[in-house]
Amino acid sequence: MRPSATRQIAQIAQAAAVSEATVSRIINRKYGVSPATRQAVEKALKQVGYERPLDNRLVVMLTPNLKNPIFALQAERVENELNPYGLTTIICPVYPGTPRERDYVESLVDAGVAAIVFLSSSNTLRDEDHRVVQFVESRGIPYVSINGGFPETEAPVVSTDDWRAAEPAIGHLHDLGHRRIGLLAGPTGNLPADRRVEGFLRALDRRGVDNSEEFVVRQHFNIEGGQQAATTLLAQGVTGIVASSDEMAFGAYRAAERAGLSVPKDISVVGYDDSPVLDFIGPPLTTVRQPIERIAKNVARIVTSLISNRTVATEEILIEPEPRLRGSTAPVAIGT
């Protein structure tokens, strides 16, 4: 250890009224230290200006489903942004809020973890047991969340601005003459899903469209969920559908076909994500693109700062999504 670092360890130990061995344990994210002691030492680390070296180069990324192309692409982008810093990313596919998520974290932490990235994992669930993040905080491991943060925690969050997600979709459909517009929404209690519903209702309210709540149908973020929700909306006579994911939009295509309707002649559909698989469907899907590259750059900047013990802002960073106009939308049919 360099002499300057040795002197800093001594200063930190004196400021926190603990032994140098305890300081070393906390710097290296070891267990066996009380929360109060860890908090005192972390405070002293900042006071002294100590920056942790990037000796521990393992970053764990928890994501719900790599079968969904948007999660796989987002994970890849974050990994690519961290790689130039010499950081190795382990991508762990988990179902949010389950014992498997906790098992991944608890087993990998003991192997030595520099930081954790929650990518649309348990950080998106409003009412779940958040023991996993409590464990992470008890070990003093820095973490950042993507697309929603844990309640009552002060940790950095980088998200797509889901409140704004519906605005370009609604604006586009409204300009095409659609007034009966429905939303294929994700499950209640999922933070991005709830935000998208709020944004959808606000966007229609700004345009003077009444009773828009009756055109919101909650389902799972997959093709089957989208098909079931779209079948309900088609029975209600909507002329435009906004989906909360591209996969749900694919389900709307299937529902329209089974109802004997044509996209976009009879029903216009707008997706969300800008998934790589859009090249393989027809008509090409108009969608709202998640800014995954900008999210990844922000996450990498935050992770490297946290690992080095530099202070970062804890206010949620919201990055606005962008519309991608293609062939699945058209002017409302005359007489509808």
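Keep in mind it's a predicted model, so treat the numbers as computed, not measured. (Residues numbered from 1 in each chain as written. Predicted model: local features only at pLDDT ≥ 70, side-chain atom pairs only at ≥ 80, totals over all residues. Heavy atoms only, no water.)

### Some words on the sheet that holds strand S6 (residues 181-185)
Next, step 1: The strand order S7-S6-S8-S9-S10-S12 describes an open sheet built from six strands, whose pairing is mixed. Of all the strands in the sheet, just strand S7 (216-218) and strand S12 (322-324) have a single pairing partner and so form its edges. The average undirected angle you get between the axes of adjacent strands in this sheet is 20°.
Next, step 2: Note: S6 against S7, three bridges, orientation parallel. (Pairing = 2+ DSSP bridges. Helix = DSSP H or I, 4+ residues; strand = E, 2+ residues; numbered from the N terminus. Axes fitted to C-alpha atoms, helices over the stretch in contact; angles between N-to-C directions.)

### What to know about the sheet that holds strand S3 (residues 115-119)
Next, step 1: In spatial order, the strands read S2-S1-S3-S4-S5-S11; together these six strands make up an open sheet with parallel pairing. At either end of the open sheet lies a strand with only one pairing partner, and these are strand S2 (88-93) and strand S11 (317-319). In this sheet, neighbouring strand axes are inclined to one another by 15° on average, regardless of whether the strands run parallel or antiparallel.
Next, step 2: Here strand S5 (residues 157-160) runs beside S11; their pairing, made up of three bridges, is parallel. Bridge pairing in S11 places Val158 opposite Ile317.

### Structural notes on the nonpolar core
Next, step 1: In terms of nonpolar packing, the biggest core is built from 23 residues, with Val78, Leu82, Val117, Ile146, Val299 and Val303 touching the most fellow members.
Next, step 2: Of all elements in the fold, only strand S1 (58-63), helix H4 (69-82), S3, strand S4 (143-146) and helix H11 (292-307) reach the threshold of two or more residues within this core.
Next, step 3: It is H11 that contributes the most residues to this core, eight residues altogether.
Next, step 4: Setting aside chain neighbours within four positions, we find Leu82 in contact with Val59, Leu87, Thr89, Ala300 and Val303.
Next, step 5: Core analysis: the second largest hydrophobic core is formed by 22 residues, Ala229, Leu234, Phe250 and Ala255 among them. (Core = buried A, V, L, I, M, F, W, Y, C linked by side-chain atoms within 4.5 Å. Buried < 20%, exposed > 50% of the residue type's maximum accessible area, 1.4 Å probe, protein only. Contact = heavy atoms within 4.5 Å.)

### Some thoughts on the environment of Asp246
Next, step 1: Looking at the element boundaries, Asp246 is found in helix H10 (residues 246-258).
Next, step 2: For the pair Asp246 and Ser275, spaced 29 residues apart in sequence, the C-alpha separation works out to 6.5 Å.
Next, step 3: Those residues within four positions of Asp246 in sequence are excluded, and the remaining contacts are Gly271, Tyr272, Asp273, Asp274, Ser275, Leu278, Leu285 and Thr287.
Next, step 4: A distance of 2.6 Å separates the side chain of Asp246 from the backbone nitrogen of Ser275, its partner in a polar contact. (Polar contact = N/O pair within 3.5 Å; in protein donor to acceptor, adjacent residues only side chain to side chain.)

### A word on the pattern of salt bridges
Next, step 1: Enumeration over the complete set of coordinates arrives at 15 salt bridges.
Next, step 2: Among the salt bridges present, the one from Glu81 reaches Lys297, with a minimum N-O distance of 3.3 Å. Here the residue Glu81 occupies a position in helix H4, and Lys297 occupies one in helix H11, the gap between them amounting to 216 residues.
Next, step 3: Close ionic contact of Arg207 with Glu167 constitutes a salt bridge, the shortest N to O distance being 2.5 Å. Here the residue Arg207 occupies a position in the loop between helix H8 (191-206) and S7, and Glu167 occupies one in helix H7 (residues 166-175), the gap between them amounting to 40 residues.
Next, step 4: Taking the relative accessible area as the measure of exposure, Arg207 reaches 27% and is therefore partly exposed.
Next, step 5: Shared partners join several salt bridges into a network, and the residues in it are Glu76, Arg77, Asp274, Arg289, Glu293 and Arg326. (Salt bridge = Lys/Arg side-chain N within 4 Å of Asp/Glu carboxyl O.)

### Description of a negative patch on the surface
Next, step 1: A contiguous patch of negative charge on the surface is contributed by Asp205, Asp210, Glu213 and Glu214.
Next, step 2: Within the secondary structure layout, Glu213 lies in the loop between H8 and S7.
Next, step 3: Glu213 sits in the exposed class, given a relative accessible area of 54%. (Patch = residues over 30% accessible without salt bridge, like charges linked within 9 Å, V, L, I, M, F, W, Y side chains within 5 Å. Areas by Shrake-Rupley, 256 points an atom, 1.4 Å probe, with all protein chains shown as cover. Lys, Arg positive; Asp, Glu negative; His and termini not counted. Charge placed at Lys NZ, Arg CZ, Asp CG, Glu CD.)

### Examining H4
Next, step 1: Along its 14 residues, H4 runs 20 Å from first to last C-alpha, staying within 8% of the 20 Å computed at 1.5 Å per residue.
Next, step 2: Taken together, the buried positions of H4 are Pro69, Ile70, Phe71, Leu73, Gln74, Ala75, Val78 and Leu82.
Next, step 3: Measuring from the backbone nitrogen of Ile70 back to the side-chain oxygen at the start of H4 gives 3.0 Å, which picks out Asn68 as the cap. (Expected span 1.5 Å × (residues − 1).)

### Focus on the packing of aromatic side chains
Next, step 1: Taken as a whole, this structure holds three aromatic pairs when the rule is applied.
Next, step 2: Consider the rings of Phe118 and Tyr143, whose centres lie 5.8 Å apart with planes at 85°: the pair is edge-to-face. Taken as a pair, Phe118 in strand S3 and Tyr143 in strand S4 lie far apart in primary sequence, 25 residues in all. There is no split in this pair, since Phe118 and Tyr143 are both buried.
Next, step 3: Between Phe118 and Phe150, the ring centres sit 4.9 Å apart and the planes meet at 80°, which makes this aromatic pair edge-to-face. Of the two residues, Phe118 sits in strand S3 while Phe150 sits in the loop between S4 and S5, which places them 32 residues apart along the sequence. For the pair shown, Phe118 and Phe150 are each scored as buried. (Phe/Tyr/Trp six-rings, centres within 6.5 Å; stacked < 30°, edge-to-face > 60°.)

### Considerations on the confidence of the model for the protein
Next, step 1: This prediction gives the protein a mean pLDDT of 88; 94% of its residues lie at or above 70.
Next, step 2: Taking the mean pLDDT of every element in the protein, the minimum, 71, falls on helix H1 (residues 3-16) and the maximum, 98, on strand S8 (residues 240-243). (pLDDT = per-residue confidence, 0-100.)

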